[in-house]
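# Residue-level structure breakdown
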Amino acid sequence: MTSPNPAATEPVAKKRFDTEKIVLGLAAPVLAVLLSLVICSVLLAVSGKEPFKAFDVLFTYGTASDGQVGILNRATTYYLAGAAAAFGFRMNLFNIGVDGQYKLGVLFAAFVGSQVDLPAILQIPLLLLTAMAVGGLWASIAGLLKVYRGVSEVISTIMLNAIASAVVTLLLVPGIFAPEKGTTTNSIQTDPISASSHFFTLETAGGTLWGFLVIAVLVGIVFQFTLSRTRFGFDLRATGRSESAATASGVNVKRMVITSMVVSGGIAGLIGLPELMSSSYYFGQNIQPGLGFIGISVALLGRNSPIGIAFSALLFAFLDVAGTQLPLQGDYPQEIVNVMQGTIVICVVVAYELVRRYGLKRQQQKVGAELAAQAAAAAKKEVAA
């Protein structure tokens, strides 16, 4: 059965699958990665190291079975961090406090998991909700300050990061969240979470694959559905582009700011759970610092879209996991991985600006061509008349 009006459906299909728009969307991250590779190659060559051998070491380990499992496990954490930052970015909110929100979330989840022992079907959701509630409540402070006191969320979340670190230090002492009598080590940490709190894992040829990957995928699906299929997502995107226009169309911007910060903080609360519920099973000095800032980089590289964040998280996880082999197999400095990640972020900013200017120029050319065609058609009609 053919369409009753093919001429009308063709522009709709073209609008949905705009090839040029898709190419421009992919151009910025691809260009950023290529620029980063060039810069790191120059740095390695200047330091007397062979760049292509370093890339070969990274690629060889990254494609091995144990490397792949490690990358997926690390990418699970990075994806959640990127999604937390991206949710705020879509609202034009810079939630720099992801780091503090996830630390508090995983600390309280570890404490609850060590004190409560319900069946797994209740225990695991309890830990997830605890981490999300704590992260969301902590983030809501920045939202309330912005709405009712006009405090920039950048400033407040940076300050809240420092306060969160202090709160963790205050709570993680013997007799409060840590047991009165420590275990065999001298480090201060919570009691291990109960066995019913353990998330499922899969034993593969490359090692243990964390089942929390499923939660990360679900977060991405819900994120995309919320943005593209709900009224809340439409209001969020509209407010992120223009608060005044959103207000004029009836959107409660203050409520959107607070809600977005709470949701962003709630996702941030999940960041530490893959490690807690699948590997370490306690909260202590093993917690990885800086995950919130990595999440910002992941979100920027992924253009704040759930699919883009997935590729970005895999890239950052690949560099982290495969980079551990550089000092072992070629006497390369481990720091080159951090340099590579940093240059990617800088190159992302540069590449996005270049692509944005090119896209704007192309749009102006198209509009000019259409106007010229309309003028020519009008002149032709006048001559014919």
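If you check an unreviewed UniProt entry, the chain appears there as Simple sugar transport system permease protein from Kitasatospora gansuensis. The UniProt entry for the chain carries the following comment under Subcellular location (unreviewed entry): "Cell membrane".

What follows is about the overall build of the chain. In terms of helices and strands, the chain carries 16 helices and 2 strands. Taken along its principal axes, the extent of the C-alpha atoms in the chain is 100 × 55 × 50 Å. Put simply, the chain has 385 residues, and 43% of those count as buried. Considering only intrachain contacts with a sequence separation of at least 6, the fraction spanning at least 24 residues in the chain is 75%. Carbon and sulfur atoms make up 66% of the accessible area of the chain, which totals about 20300 Å². Taking the 26 positively charged and 21 negatively charged side chains of the chain as two groups, their mean positions are separated by 14 Å.

This part covers the environment of Leu172. Relative to the helices and strands, Leu172 is located in the loop between helix H7 (153-171) and strand E1 (201-204). Residue class for Leu172 comes out buried when judged on its relative accessible area of 13%. For the pair formed by Leu172 and Phe200, sequence separation is 28 residues and the distance between their alpha carbons is 27 Å.

Let us now look at helix H13 (residues 291-301). Most of H13 sits inside the fold, with 9 of its 11 residues counted as buried. All buried positions along H13 are accounted for by Leu291, Gly292, Ile294, Gly295, Ile296, Ser297, Val298, Ala299 and Leu301. Those residues of H13 hidden inside the fold are in contact with helix H2 (19-46), helix H4 (65-90), helix H5 (98-115), helix H14 (306-323) and helix H16 (335-384). Just downstream of H13, Arg303 is the residue with a positive phi angle, here 55°.

With that out of the way, let us pick up the side chain of Ser312. Structurally, the position occupied by Ser312 is in helix H14. If sequence neighbours within four positions are ignored, Ser312 has contacts with Ser297, Val298, Leu301 and Gly302.

The next subject is a nonpolar patch on the surface. Taken together, the side chains of Leu31, Leu35, Ile346, Val349, Val350 and Leu354 present a nonpolar region at the surface, about 500 Å² in accessible area. Per-element tally for the nonpolar patch: the top contributor is H16, with 4 residues. What makes Leu354 partly exposed here is its relative accessible area of 48%.

This brings us to the packing of helix H9 (residues 231-241) against helix H11 (residues 253-269). Direction vectors running N to C along H9 and H11 enclose 105°, while the axes themselves pass 11 Å from each other. Judged on the interaxial angle alone, H11 and H9 are roughly perpendicular. Mapping the contact onto sequence places Phe232, Asp235, Leu236 and Thr239 in H9 and Val253, Met256, Thr259 and Ser260 in H11. Of the residues assigned to the contact of H9 with H11, the class counts are 4 nonpolar, 3 polar and 1 charged.

Bringing the layout of surface pockets into the picture now. Estimates place the volume of the second largest pocket at around 350 Å³. Lining the second largest pocket we find 16 residues, and of these Phe59, Leu314, Leu315, Phe318 and Leu319 sit closest to its centre. Broken down by secondary-structure element, the contributors of at least two residues to the lining of the second largest pocket are H2, helix H3 (51-62), H4, H14 and H16. The biggest single contributor to the lining of the second largest pocket is H14, with 5 residues. Residue composition of the lining of the second largest pocket, by class: 14 nonpolar, 2 polar and no charged.

Time to look at the pairing of strand E2 (residues 207-210). Summarising the sheet, E1 and E2 pair through 4 bridges and their orientation is antiparallel. Pairing of Thr204 across the sheet is with Gly207, part of E2. What sits between E1 and E2 in their antiparallel hairpin is a turn of 2 residues.

Our focus in this paragraph is the packing of H5 against H7. Where H5 meets H7, the closest approach of the two axes is 8 Å, and the angle between their N-to-C directions is 20°. With respect to H7, the element H5 is oriented roughly parallel. Between H5 and H7 the crossing geometry is left-handed. On the side of H5, the interface is formed by Val98, Asp99, Gly100, Lys103, Leu104, Leu107 and Phe108, while H7 contributes Asn161, Ala164, Ser165, Val167, Val168 and Leu171.

The next point concerns the side chain of Ser264. Counting through the fold element by element, Ser264 comes out in helix H11. Excluding its chain neighbours within four sequence positions, the residues that come into contact with Ser264 are Ala84, Phe87, Gly88, Asn95 and Gln101.

Scanning the model with the defined rule gives 7 aromatic pairs in all. Seen from their ring centres, Phe108 and Phe177 are 5.2 Å apart, and the 85° between their planes marks the pair as edge-to-face. Residue Phe108 is found in helix H5, and its partner Phe177 is found in the loop between H7 and E1; the two are separated by 69 residues along the sequence. When its relative accessible area of 10% is taken as the criterion, Phe177 is described as buried. Three or more aromatic residues joined by ring pairs make a cluster, and in this case those are Phe87, Phe223 and Phe232.

All right, on to the pattern of salt bridges then. Per the stated rule, a full pass over the model turns up 4 salt bridges. Its salt-bridge partner being Asp320, residue Arg74 comes within 3.4 Å of it at the nearest N-O pair. In this pair, Arg74 sits in helix H4 while Asp320 sits in helix H14, placing the two residues 246 residues apart along the sequence. On the accessibility criterion, Arg74 (28% relative accessible area) is partly exposed. Here Lys146 ties to Glu153 by a salt bridge, and the two come within 3.1 Å at their closest N and O atoms.

Calculation notes
Residues numbered from 1 in each chain as written. Predicted model: local features only at pLDDT ≥ 70, side-chain atom pairs only at ≥ 80, totals over all residues. Heavy atoms only, no water. UniProt positions renumbered as here; feature names shortened; annotations may be inferred. Helix = DSSP H or I, 4+ residues; strand = E, 2+ residues; numbered from the N terminus. Buried < 20%, exposed > 50% of the residue type's maximum accessible area, 1.4 Å probe, protein only. Contact = heavy atoms within 4.5 Å. Areas by Shrake-Rupley, 256 points an atom, 1.4 Å probe, with all protein chains shown as cover. Lys, Arg positive; Asp, Glu negative; His and termini not counted. Charge placed at Lys NZ, Arg CZ, Asp CG, Glu CD. Patch = residues over 30% accessible without salt bridge, like charges linked within 9 Å, V, L, I, M, F, W, Y side chains within 5 Å. Salt bridge = Lys/Arg side-chain N within 4 Å of Asp/Glu carboxyl O. Axes fitted to C-alpha atoms, helices over the stretch in contact; angles between N-to-C directions. Parallel < 35°, antiparallel > 145°, perpendicular 65-115°, else oblique. Nonpolar A, V, L, I, M, F, W, Y, C, P; charged D, E, K, R; others polar. 1 Å grid on protein atoms, 1.4 Å probe; cavity = no way out; pocket = protein on both sides within 12 Å on 5 of 7 lines; lining within 4 Å. Points joined across faces, edges and corners; volume = space filled by probe spheres on them. Pairing = 2+ DSSP bridges. Left-handed = near helix turned anticlockwise from the far one by under 90°. Phe/Tyr/Trp six-rings, centres within 6.5 Å; stacked < 30°, edge-to-face > 60°.

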